[in-house]
Each structure stands twice: as C-alpha cells, then as structure tokens.
Amino acid sequence: MRHQMAQRRDALGALASQLELLNPQRTLERGYAILTDDKGAILRSPTQLQPRQNIGVRLAEGSAQIGIASVQPSLD
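These numbers come from a predicted model, not from an experiment. (Residues numbered from 1 in each chain as written. Predicted model: local features only at pLDDT ≥ 70, side-chain atom pairs only at ≥ 80, totals over all residues. Heavy atoms only, no water.)

Even after reading the chapter, I still don't get the overall build of the protein, so can you show me in this structure?
Broken down by element type, the protein carries 2 helices and 3 strands. The order of α-helices and β-strands along the protein, N terminus first, is α-α-β-β-β. Computed over its C-alpha atoms, the radius of gyration of the protein comes to 20 Å, more than 25% above the 11 Å expected for a compact globule of 76 residues. Dimensions of the protein along its principal axes, counting C-alpha atoms only, are 65 × 30 × 20 Å. Relative to its full complement of 76 residues, the protein shows a buried share of 13%. Within the protein, residue pairs in contact and separated by at least 24 positions form 23% of the contacts whose partners lie at least 6 positions apart. Only carbon and sulfur atoms are counted for the fraction: they give 56% of the accessible area of the protein, which is about 6600 Å². Separation between the mean location of the 9 positive side-chain charges and that of the 7 negative ones in the protein comes to 8 Å. (Helix = DSSP H or I, 4+ residues; strand = E, 2+ residues; numbered from the N terminus. Rg over C-alpha atoms; globule rule 2.2 N^0.38 Å. Buried < 20%, exposed > 50% of the residue type's maximum accessible area, 1.4 Å probe, protein only. Contact = heavy atoms within 4.5 Å. Areas by Shrake-Rupley, 256 points an atom, 1.4 Å probe, with all protein chains shown as cover. Lys, Arg positive; Asp, Glu negative; His and termini not counted. Charge placed at Lys NZ, Arg CZ, Asp CG, Glu CD.)

Would you mind going over the pairing of strand S3 (residues 62-67) with me for this structure?
Regular strands place their side chains on alternate faces of the sheet. As defined by bridge partners, strand S2 (residues 54-59) adjoins S3 across 6 bridges and the pair is classed as antiparallel. Paired with Arg58 across the bridge in S3 is Ser63. Where S2 folds back onto S3 in an antiparallel hairpin, the turn is made up of 2 residues. (Pairing = 2+ DSSP bridges.)

Can you walk me through the sheet that holds S2 in this structure?
The strand order across the open sheet formed by 3 strands is S1-S2-S3, and the pairing between neighbours is antiparallel. Taken across any chain shown, the strands that pair with only one partner, and hence form the sheet edges, are strand S1 (34-36) and S3. On average, adjacent strands in this sheet sit at an angle of 25° to one another, irrespective of strand direction. (Axes fitted to C-alpha atoms, helices over the stretch in contact; angles between N-to-C directions.)

I keep staring at the pairing of S2 and nothing clicks. Help me out?
Relative to S2, S1 runs antiparallel, the two sharing 3 bridges. Along S2, the bridge assignment pairs Ile34 with Arg58.

Everything listed here is a matter of coordinates, which is why it stays silent on function.
Structural data, given as structure tokens:
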C-alpha cells in the first residue's frame, strides 16, 4: 500500500511539472508577449493588424496599450 501511494505521488508530481510547463505565464517570463485587439481576441498573424490600430500587449509583469505604425509581411 505504501509503495503504491509513493508511486502515485511521484506520478502526480510529474503531471504537475508538465502542467507548469504549459502555463502561459512561464512563456511570457521567457520574453514573449500576447497581443489582443480591442475586443480582447488574441492576434496571431500580421494580417490581423492595421496601421494606426491600437492593440493590447500582455507581458510577464504587466500590460500596455500600443499603436501600430506599420505592418510588414513575413521576411521568409
């Protein structure tokens, strides 16, 4: 019984570690940002941006409202 409990505790710890890796806050702490439009929808593509558009930026330690000066296509 004790061995089984220890195994389950270890498995739970491993799952908690994996879940922590998926935490969006950890991604922000690595230097990424989340961009949102005025309705709060997440922006994923430059095609969603327009010059003079205001967007929200969520960073690891806060947020900001910014304006888009220009939009460039992908450099690939």
